[in-house]
Amino acid sequence: MKGSEEKMNNTFQQVTDFLNYESTIKGASINTVTGYRTDLSLFCNFILKYKHQSSFTNELINNIRLSDLYAFMSYVEKQRCNGSHSKARKVASLKAFFKYLYGKARVIEQNPAIELETPKLNKRQPVYLTLDESKHLLSSMNKEYKYYNRDYCMVTMFLNCGMRVSELCNINISKIKGDILTIVGKGDKERTIYLTDSCLDALAKYLKNRKSYRVTEGNYDALFISSKGTRINKRSVERIVKKYTEQAGLTNANYTPHKLRHTFATTMYKHGKVDIRSLQALLGHKNISTTQLYTHVDDEDLRKAVKSNPLANISL
């Protein structure tokens with residue numbers, strides 16, 4: 001067993017070194033590193049079988065060509081039924097990995113991923129709650145439920161602050177000063193969140209209720225606590241959001257914490273009249289192109305635009 005483990009460790013040493021570089025030097029988020037690990041483990045296993053090799057040696061990796069990368073992409077599409085977005089993520093993982101091997105680790109003489117093209121992505125129709133649906137979601141939550149104050153506070157923060165689920169899970173009480181909340185966002189970057197009156201009211205009621213919680217050692221500073229007394233995790237929050245949206249009758253889409261983040265962005269842009277640069281700062285986006293995905297024009301905007309046409313009211 002020990003020999004098998006050592007062989008596996010040697011097989012993926014290049015991947016391990018790359019992941020360490022991304023997390024410690026480039027400051028990549030846990031989610032990014034996890035995605036890289038998943039994609040590259042799949043790729044390494046594919047290459048070993050495809051090339052009939054037993055270990056991922058420097059000689060093997062130096063013999064990988066662009067055609068091998070395309071063979072892998074064909075495999076994930078046909079055998080694993082990956083869609084365009086999943087394939088695009090794998091292309092990004094491969095490009096980052098081989099760029100590191102060529103430019104930083106210097107274990108390959110040429111980078112086969114330079115010419116690897118990203119699949120064309122079809123624009124996804126954004127999914128978000130309307131203003132009325134957001135109000136209905138909050139008002140429909142069961143006040144008699146033991147964890148109502150906690151859950152109401154979480155949903156309120158999603159809708160009012162637009163934070164990521166990982167950011168919400170990692171909130172510490174010590175980082176709340178009046179109406180200012182400091183969170184650690186993507187890439188371990190600190191971001192300031194300004195809490196609305198709704199957030200402050202929900203937070204005060206939850207903190208009062210939280211005193212009755214059983215909190216385990218090491219979790220005293222965690223804002224949101226699970227039923228086990230530990231810091232709440234992403235999966236639990238996802239289940240909570242799913243439960244309340246379904247109970248509210250919002251079943252036309254699978255609503256997730258990220259879609260509540262999208263709801264915040266859409267609401268701020270449509271009703272708050274927030275400019276694109278301010279919205280970028282509120283969401284903690286590195287690139288403004290990412291923010292622009294949230295500023296979509298919905299069907300109602302299109303309807304109003306068409307009706308504003310000077311020729312729209314001419315009849316026979």
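Trainee: Would you mind going over the confidence of the model for the protein chain with me for this structure?
Mentor: Note that predicted coordinates carrying low pLDDT should not be read in detail. Residues of the protein chain with pLDDT of at least 70 account for 85%, and the chain-wide mean is 85. Per-element confidence in the protein chain ranges from a low mean pLDDT of 41 for helix α1 (residues 2–11) to a high of 96 for strand β1 (residues 176–177). Of the regions scoring below 50 in pLDDT, residues 1–11 engages in six contacts with residues more than four places distant in sequence or in other chains.

Trainee: Help me understand the sheet that holds strand β2 (residues 180–184), please; the structure alone is not making it clear to me.
Mentor: Pairing between the strands of a sheet comes from backbone hydrogen bonds, and it takes one of two forms, parallel or antiparallel. The antiparallel open sheet is built from three strands, whose spatial order is β1-β2-β3. Only two strands of the sheet have a single neighbouring strand rather than two, namely β1 and β3 (190–194). Both β2 and β3 contribute to a ladder of five bridges, which runs antiparallel. Considered in β3, the bridge of Ile-183 is made with Arg-191.

Trainee: What is the right way to look at the nonpolar core in this model?
Mentor: If you look at soluble globular proteins, the nonpolar side chains tend to sit buried side by side. Of all hydrophobic cores here, the largest spans 42 residues; its most connected members are Met-157, Leu-195, Phe-224 and Val-237. If you list the elements that add at least two residues to this core, you get α7 (131–139), α8 (148–161), α9 (165–169), β2, α10 (197–210) and α11 (234–247). By residue number, the principal contributor to this core is α8, which donates eight residues. Each residue touching Met-157, except ones within four places of it in the same chain, is listed here: Gly-162, Leu-168, Ile-171, Leu-195, Cys-199, Leu-203, Leu-223 and Phe-224. Formed by 34 residues, the second largest nonpolar core is a distinct cluster that contains Val-15, Ile-47, Phe-72 and Leu-116.

Trainee: Could you clarify how one ought to interpret unusual backbone geometry in this entry?
Mentor: The phi angle of most residues is negative, glycine excepted, and most peptide bonds adopt the trans form. Its identity as a non-glycine residue notwithstanding, His-52 has a phi of 55°, on the positive side. Relative to the assigned elements, His-52 resides in the loop between α3 (30–50) and α4 (58–62). Despite not being glycine, Arg-106 has its phi angle at roughly 55°, a positive value. Structurally, the position occupied by Arg-106 is in the loop between α6 (84–103) and α7.

Trainee: Can you help me understand the pattern of salt bridges in this one?
Mentor: Side chains that differ in sign of charge can pair as their charged atoms come close. Taken as a whole and assessed by the stated rule, the structure comprises eleven salt bridges. The closest approach of N and O atoms between Arg-164 and Glu-167, which form a salt bridge, is 2.6 Å. What makes Glu-167 buried here is its relative accessible area of 1%. The closest approach of N and O atoms between Glu-167 and Arg-191, which form a salt bridge, is 2.9 Å. Separated by 24 residues along the polypeptide, Glu-167 in helix α9 and Arg-191 in strand β3 bring together distant segments of the chain.

Trainee: In this structure, what is going on with the packing of aromatic side chains? I would like to understand it.
Mentor: Given two aromatic rings, their pairing is described by the distance between the two centres and the angle made by the two planes. Scanning the entire structure with this criterion turns up 16 aromatic pairs. Relative to Phe-98, the ring of Phe-43 has its centre 6.0 Å away and its plane inclined at 85°; by these criteria the two rings are edge-to-face. Taken together, the residues Phe-43 in helix α3 and Phe-98 in helix α6 connect sequence positions 55 residues apart. One exposure class covers both Phe-43 and Phe-98, and it is buried. Taking 5.8 Å as the distance between ring centres and 70° as the angle between the ring planes, the aromatic pair formed by Tyr-145 and Tyr-147 counts as edge-to-face. Residue Tyr-145 is classed as partly exposed on the basis of its relative accessible area of 31%. Its relative accessible area of 11% is what places Tyr-147 among the buried residues. Three or more aromatic residues joined by ring pairs form one cluster here, namely Phe-18, Tyr-21, Tyr-36, Phe-43, Phe-46, Tyr-50, Phe-72, Tyr-75, Phe-97, Phe-98 and Tyr-100. A cation over an aromatic ring shows up here: Lys-243 above the ring of Tyr-145, its NZ or CZ 4.1 Å from the ring centre.

Here is what the cut-offs are and how they apply
Every chain begins its residue count from 1, and numbering advances along the sequence as written. A pLDDT threshold of at least 70 governs which residues receive local features in this predicted model, and a stricter bar of 80 or more applies before side-chain atom pairs are shown or counted, although totals over entire chains, interfaces and linings include all residues. To get the side-chain values, take all heavy atoms of the structure and skip hydrogens and water. Values of pLDDT, the confidence the predictor places in each residue, fall between 0 and 100. Working definition: helices are DSSP H or I runs of at least four residues, strands are E runs of at least two. Numbering for both runs from the N terminus. Should any heavy atoms of two residues lie within 4.5 Å, those residues are considered in contact. Two strands make a pair as long as DSSP finds a minimum of two bridges between them. In these notes, a set of buried Ala, Val, Leu, Ile, Met, Phe, Trp, Tyr and Cys residues joined through side-chain atoms within 4.5 Å is what counts as a nonpolar core. In this scheme, a residue with accessible area under 20% of its type's maximum is buried, one over 50% is exposed, and one in between is partly exposed, where area comes from a 1.4 Å probe on protein chains only. Just to be clear on terms, a salt bridge is a Lys or Arg side-chain nitrogen sitting within 4 Å of an Asp or Glu carboxyl oxygen. The pairing test for Phe, Tyr and Trp rings, Trp by its six-membered ring, is centres within 6.5 Å, and the orientation test on the planes gives stacked under 30 degrees, edge-to-face over 60, and tilted for anything in between. For a ring to carry a charge above it, either NZ of a lysine or CZ of an arginine must fall within 6 Å of the ring centroid while also lying within 35 degrees of the normal to the ring plane.

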